[in-house]
Amino acid sequence: MKKLFLFSLLFFCFSIAFTQTGDPSKYAAVINVENLKKHLTIIAGDEFEGRETGTEGQRKAAAYIEEQFKKMGLKSAEALKGYQQYYPLYQDSLVNTDLRVDKTTAVFGKDFISPMNTNETGKFKGKKIIFVGYGIDNEKYSDYTGLDVKGKIVVFFLGEPKNAAGNYIISGTKRSGEWTFPGISKKLAAASAKGATGALVINPNQDVFNQRTVDAGKKTGVYYPRSVEGKMVNYALLSHAFAKNIIGNNFDTILKLTKAAQIIDKQWAMEKKVKASFAFNKYRNTINASNVVGIVEGTDKKDEYVFLTAHYDHLGKRDGKIYYGADDDGSGTCGVIAMAEAFAKAAAEGNRPRRTMVFMTVSGEEKGLWGSEYYSDHPFFPLDKTTVDLNIDMVGRIDTERKTADTMNYVYVIGHDKLSSDLPIINEAANNKFTNLVLDYKFDDPNDQNRIYFRSDHYNFARKGVPILFFYDGMLKADYHKPTDTVDKITWDLYEKRVRMIFYTAWEMANRDAMLKRDTPLNMGTR
């Protein structure tokens with residue numbers, strides 16, 4: 001009996017040792033104006049030249065963040081063998097391209113261009129050309145019904161059709177779906193799956209190619225190679241005049257239908273015995289960008305994870321001017337650094353979190369959420385064990401359009417009513433106890449035209465089912481995406497208060513008994 005009692009006592013003490021969390025306000029004090037200003041002055045300074053993804057400025061910023069994580073004693077993720085998760089970016093240059101239809105050799109830049117980021121070095125040819133409307137193959141709508149395209153070259157328009165009610169047929173809403181974005185990739189993959197050898201594509205809203213489009217057809221900017229299900233065929237994008245020579249007299253009528261997003265029915269079907277060939281050759285340069293990651297390992301729930309994220313990239317230099325991105329998103333980046341220091345200090349004093357804290361600053365957000373997309377598709381911690389992502393994108397200034405009395409004491413919170421019913425309960429409790437900010441949920445309105453929920457890195461966690469909260473100051477106008485988004489414009493006391501509130505929320509989520517429930521459907525339509 002005594003042995004049983006002693007064992008129970010030891011087990012109780014052991015459990016307490018692993019779940020002790022201490023007073024979070026002691027560690028929140030690390031998050032202060034002086035600390036935030038120190039880091040932000042460097043992150044949004046001249047040396048990093050606006051931190052554009054794929055540039056030396058972005059790499060310098062990544063090295064600085066990594067250095068801070070190391071100084072704090074944060075660990076690296078074992079799977080990375082370091083503090084940076086690298087992902088590839090491509091930049092392509094055209095070597096040569098050639099399009100021939102019947103006996104006509106098309107002129108590059110006048111009759112056609114060959115977009116490089118969706119074409120690979122290769123060639124195709126065929127003896128028949130067949131028109132397939134929008135080139136869509138979906139259970140709700142297919143342009144391929146009753147058509148045999150095997151061994152043939154397909155011709156289709158960009159876009160997708162609406163129904164009589166004005167909703168897009170596939171998405172069922174007023175917003176176009178994935179056949180518009182990413183669109184062309186899905187259509188080229190569908191053509192390949194149907195056995196087509198290649199494609200000739202028409203943009204209904206681009207009758208000729210301007211010089212900028214032609215130049216882009218010779219050399220791309222840096223881009224992220226998104227994965228596509230299935231192999232894609234190569235394609236040439238045609239001018240309207242050249243396309244009309246192929247489709248014939250019905251071209252103008254069909255063009256009007258596509259501009260109005262109307263269904264192209266089978267009365268416009270066209271198949272011709274015409275020899276055609278396309279050749280394309282490019283040179284590819286691969287550039288690495290990175291997400292910077294540091295962790296504070298948890299205790300009894302160390303195999304569950306709380307993510308704190310922000311994007312450290314911005315717009316770089318344009319016409320010799322640096323776009324500093326102090327608020328966007330230097331403020332979020334330095335907030336993550338400050339919270340990492342607070343959790344590291346707690347861990348060093350024996351108040352380690354129960355769950356593992358993952359501090360991740362990502363790049364590529366300004367280009368299209370590239371870094372977070374790469375992580376969510378290549379996670380080094382299980383997403384089903386990731387209890388939450390708290391994402392911070394612009395928390396250092398005030399909304400110039402906000403006319404209420406709480407202008408100096410608010411933060412916009414996005415995602416409170418999606419994915420998990422635990423989110424607002426925990427966040428509001430932490431705020432009410434420690435910071436008393438006004439938590440404004442206006443951007444969670446399903447009718448919000450800004451679509452903020454889809455515009456920062458938390459979305460790539462949400463699309464995988466991970467509960468998220470996104471904290472944002474609403475600075476859509478004023479200096480947004482301008483060289484004047486500088487450190488001197490930061491509202492420091494409010495910035496400090498917002499980051500502390502996020503820290504308190506993260507502290508509770510890291511130390512509570514249960515992971516956040518996943519009990520609320522996202523149900524936000526298509527990005």
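Keep in mind that what you see is a predicted model, and the values were worked out from it rather than measured.

### Topic: the overall build of the chain
- Across its full length, the chain holds 14 helices and 16 strands.
- Taken along the three principal axes of its C-alpha coordinates, the chain extends 90 × 60 × 50 Å.
- For the chain, the proportion of its 527 residues judged to be buried stands at 56%.
- Nonlocal contacts in the chain, meaning residues at least 24 apart in sequence, comprise 84% of its contacts between residues at least 6 apart.
- Summed over its atoms, the accessible surface of the chain is roughly 23,300 Å², and 50% of this surface lies on carbon and sulfur atoms.
- Of the charged side chains in the chain, 73 are positive and 65 negative, and the gap between their average positions amounts to 6 Å.

### As for the packing of helix α4 (residues 56-72) against helix α9 (residues 326-348)
- Here α4 crosses α9 at 10 degrees, and the two axes come no closer than 10 Å. The angle between α4 and α9 places the two elements in the roughly parallel class. Crossing geometry of α4 relative to α9 is assigned as right-handed. Where α4 approaches α9, its residues I65, Q68, F69 and M72 are matched on the opposing element by T333, I337, A340, E341 and A344.
- Residue composition of the contact of α4 with α9, by class: 6 nonpolar, 2 polar and 1 charged.

### Looking at the confidence of the model for the chain
- Here the chain averages 93 in pLDDT, and 94% of its residues register 70 or above.
- Predicted confidence for residues 1-20 stays below pLDDT 50, and this span has 7 contacts to residues more than four positions away or in other chains.

### Overview of the side chain of S114
- With respect to the secondary-structure elements, S114 resides in the loop between β3 (112-113) and β4 (122-131).
- Judged by relative accessible area, which is 0%, S114 ranks as buried.
- Side chain to side chain, S114 and T97 meet in a polar contact 3.5 Å long.
- If we ignore the near neighbours within four places in the chain, the residues touching S114 are L94, T97, F108, N119, G217, Y235, F278 and F280.

### Points about the pairing of strand β5 (residues 153-157)
- Across the 5 residues of β5, 5 count as buried, placing the element largely inside the fold.
- Here β5 shows two buried faces, one formed by I153, V155 and F157 and the other by V154 and F156.
- Across 5 bridges, β5 lies against strand β6 (residues 198-202) in parallel orientation. Looking at the pairing, I153 lines up with G198 of β6.

### Considering helix α5 (residues 184-193)
- Most of α5 is tucked away, with 7 of its 10 residues classed as buried.
- Of all the positions in α5, only I184, S185, K187, L188, A189, A190 and A191 are classed as buried.
- Where α5 is buried, its residues meet β5, β6 and β7 (235-238).
- A positive phi of about 95 degrees marks G195, the residue just after α5.

What counts and what doesn't
Position numbers for residues count from 1 along each chain, tracking the sequence in the order it is written. With the structure being a predicted model, the display of local features is reserved for residues of pLDDT at least 70 and the display and counting of side-chain atom pairs for 80 or more, all residues being used for whole-chain, interface and lining totals. Values shown for side chains rest on all heavy atoms present in the structure; no hydrogens or waters enter the calculation. Per the convention used, a helix needs a DSSP run of H or I reaching at least four residues, while a strand needs a run of E reaching at least two, with both numbered from the N terminus. Under the scheme applied here, a residue whose accessible area is under 20% of the maximum for its type counts as buried, over 50% as exposed, and between as partly exposed, the area being computed with a 1.4 Å probe on protein chains only. Contact between two residues is taken to exist if any of their heavy atoms lie within 4.5 Å; hydrogens are not considered. Note on areas: Shrake-Rupley with a 1.4 Å probe; residue coverage comes only from the protein chains shown. When charges are counted, Lys and Arg are positive and Asp and Glu negative, with His and the chain ends excluded. Here the site of a charge means NZ on Lys, CZ on Arg, CG on Asp, or CD on Glu. With axes taken as lines fitted to C-alpha atoms, and helix axes fitted only over the stretch in contact, angles between N-to-C directions fall between 0 and 180 degrees. With respect to orientation, any angle under 35 degrees is reported as roughly parallel, any angle over 145 as roughly antiparallel, any angle of 65 to 115 as roughly perpendicular, and every other angle as oblique. By the definition used in this description, the sense in which the near helix is turned from the far one sets the handedness, with an anticlockwise turn below a right angle giving left-handed and a clockwise turn giving right-handed. For this classification, Asp, Glu, Lys and Arg are treated as charged, while Ala, Val, Leu, Ile, Met, Phe, Trp, Tyr, Cys and Pro are nonpolar and the rest, including Gly, are polar. Per-residue confidence from the predictor is given as pLDDT, running between 0 and 100. N or O atoms within 3.5 Å of each other form a polar contact, as long as, within protein, one can give a hydrogen and the other can take it, and as long as residues adjacent in sequence are counted only when both atoms are side-chain atoms. Here the rule is simple: two strands pair whenever DSSP picks up at least two bridges between them.

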